[in-house]
Amino acid sequence: MRQTVSEVREVLVPDLSGRHGPLPPLLLVLTVVTGLVDAFSYLALGRVFVANMTGNIVFLGFALAGASGFSVVASVLALAAFVAGAVAGGRLAHRVPRHRGRLLLSVTVVQTVLLLAAWVISRVADPPFDGGVRWALIVLLAVAMGAQNAVVRSLAVPDLTTTVLTMTVTGIAADGRPGGGSRSRAGVRVLTVAAMFLGALAGAALIVRGNTDVPLLCSAGVVAAVALALVPVRRARGSWTG
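About the criteria used
Residues numbered from 1 in each chain as written. Predicted model: local features only at pLDDT ≥ 70, side-chain atom pairs only at ≥ 80, totals over all residues. Heavy atoms only, no water. Phe/Tyr/Trp six-rings, centres within 6.5 Å; stacked < 30°, edge-to-face > 60°. Helix = DSSP H or I, 4+ residues; strand = E, 2+ residues; numbered from the N terminus. Lys NZ or Arg CZ within 6 Å of the ring centre and 35° of its normal. Patch = residues over 30% accessible without salt bridge, like charges linked within 9 Å, V, L, I, M, F, W, Y side chains within 5 Å. Areas by Shrake-Rupley, 256 points an atom, 1.4 Å probe, with all protein chains shown as cover. Salt bridge = Lys/Arg side-chain N within 4 Å of Asp/Glu carboxyl O. Buried < 20%, exposed > 50% of the residue type's maximum accessible area, 1.4 Å probe, protein only. Core = buried A, V, L, I, M, F, W, Y, C linked by side-chain atoms within 4.5 Å. Contact = heavy atoms within 4.5 Å. Axes fitted to C-alpha atoms, helices over the stretch in contact; angles between N-to-C directions. Parallel < 35°, antiparallel > 145°, perpendicular 65-115°, else oblique. Left-handed = near helix turned anticlockwise from the far one by under 90°.

Chemist: I would appreciate a short explanation of the packing of aromatic side chains in the present structure.
Modeler: Two aromatic rings are characterised by how far apart their centres lie and by the angle between their planes. Under the counting rule described, the total for this entry stands at 7 aromatic pairs. Taken together, a centroid distance of 5.9 Å and an interplanar angle of 45 degrees make the contact between Y42 and F59 tilted. One end of the pair, Y42, is in helix α2 (residues 23-44); the other, F59, is in helix α3 (residues 53-64), and 17 residues separate them in sequence. Aromatic side chains F62 and F70 sit 5.3 Å apart centroid to centroid with 70 degrees between the ring planes, which places their arrangement in the edge-to-face category. Put simply, the rings of Y42, F49, F59, F62 and F70 touch in pairs and so form one group of aromatic residues. In this arrangement the basic side chain of R47 is found over the ring face of F70, its NZ or CZ atom lying 4.7 Å from the centre.

Chemist: Hey, could you run me through a nonpolar patch on the surface in this one?
Modeler: Nonpolar side chains collect at one region of the surface, where L64, V72 and V76 lie side by side and expose about 250 Å² of accessible area between them. Its place among the elements puts V76 in helix α4 (residues 72-95). Given the relative accessible area of 39%, V76 is considered partly exposed.

Chemist: Help me understand the pattern of salt bridges, please; the structure alone is not making it clear to me.
Modeler: The full count for this structure, using the stated rule, is 2 salt bridges. When the shortest N-O distance is used, the salt bridge between R123 and D213 registers 3.5 Å. Placement of R123 in helix α5 (residues 100-124) and of D213 in the loop between α8 (186-208) and α9 (214-230) is noted, with a sequence separation of 90 residues between them. A salt bridge links D159 to R189, with the nearest nitrogen and oxygen atoms 2.9 Å apart. You can see D159 sitting in the loop between α6 (131-155) and α7 (166-174) and its partner R189 sitting in helix α8, a full 30 residues away along the chain.

Chemist: What am I meant to see in the environment of P128 here?
Modeler: Structurally, P128 is set in the loop between α5 and α6. Using a relative accessible area of 67% as the deciding quantity, one classes P128 as exposed.

Chemist: Quick question: what am I supposed to make of the nonpolar core here?
Modeler: Looking at soluble globular proteins, one finds that nonpolar side chains tend to be buried together. Core analysis: the biggest nonpolar cluster contains 56 residues, and L27, F40, L45, L104 and L141 have the highest contact counts within it. Elements supplying a minimum of two residues to this core: α2, α3, α4, α5, α6, α8 and α9. Ranked by the residues each element gives to this core, the list is headed by α6, at 11 residues. Those residues in contact with L27, other than ones at most four positions away along the chain, are L104, V152, L155, V157, L160 and T162.

Chemist: Can you walk me through the side chain of T212 in this structure?
Modeler: Of note, T212 is situated in the loop between α8 and α9. Dropping the residues within four chain positions of it, T212 is found in contact with F40, A44, P127, F129, L206 and I207.

Chemist: Even after reading the chapter, I still don't get the environment of D126, so can you show me in this structure?
Modeler: Secondary-structure assignment places D126 in the loop between α5 and α6. Judged by its relative accessible area of 66%, D126 is exposed. Sequence-wise, D126 and T212 are 86 residues apart; in three dimensions their C-alpha atoms are separated by 9.5 Å.

Chemist: Please clarify how the packing of α5 against α6 should be interpreted in this entry.
Modeler: Helix packing geometry: the angle between the two helix axes and the distance between the axes. Taken N-terminus to C-terminus, the directions of α5 and α6 make an angle of 170 degrees; their axes are 9 Å apart at the nearest point. In this view, α5 runs roughly antiparallel relative to α6, as classed from their interaxial angle. Seen along the crossing, α5 lies across α6 with a hand that is left-handed.

Put into structure tokens, the structure is as follows:
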């Protein structure tokens with residue numbers, strides 16, 4: 001229990017001179033954004049994810065099998081847009097390889113623009129979203145999340161991938177004492193699961209109450225806040241930056 005509490009504290013109040021500097025709490029915040037945007041995409045755009053590509057692969061299989069309520073076009077478009085965003089994020093990671101703070105700052109600025117564009121479209125259009133509006137929202141959001149995923153992968157902060165939880169949940173069980181391990185990193189991993197859960201809960205609660213566009217506005221605001229938090233450290237030097 002003491003170890004778990006210590007791990008939670010290390011994420012929420014990190015050692016700024018440590019290996020990952022200020023990155024852990026910022027990545028935890030971006031995990032909340034994943035829950036928000038996937039709540040919007042699934043509930044407002046019709047059974048498609050923009051961050052969880054595992055889900056889209058499964059949905060594509062359902063759609064091809066003829067299951068009702070699933071769209072081949074939506075799943076393929078989300079996958080293609082996510083890959084395009086990941087390519088852009090990968091190129092960014094190779095262009096800004098020597099400073100992790102500047103790298104995360106760069107991608108969050110781009111994400112903020114894309115999320116705001118999606119919010120404007122969702123605000124102007126009337127739900128339910130269909131046709132070109134639906135496709136545009138899927139593309140904008142999937143590109144934003146693909147870029148985030150590629151950059152976060154490059155940052156390589158353990159257990160803070162911001163979009164993937166399957167291995168996180170597996171680690172909680174398999175690496176702890178019940179699974180025969182001695183270090184489950186449950187503190188970090190439970191925080192990650194909770195962050196995505198809270199984002200999804202908040203996004204879904206807003207949508208079912210008729211505030212369909214608000215999750216996107218919240219997402220843009222949260223990502224912009226992460227970018228602003230990174231501005232003071234963009235020229236910082238230390239072990240965490242490289």
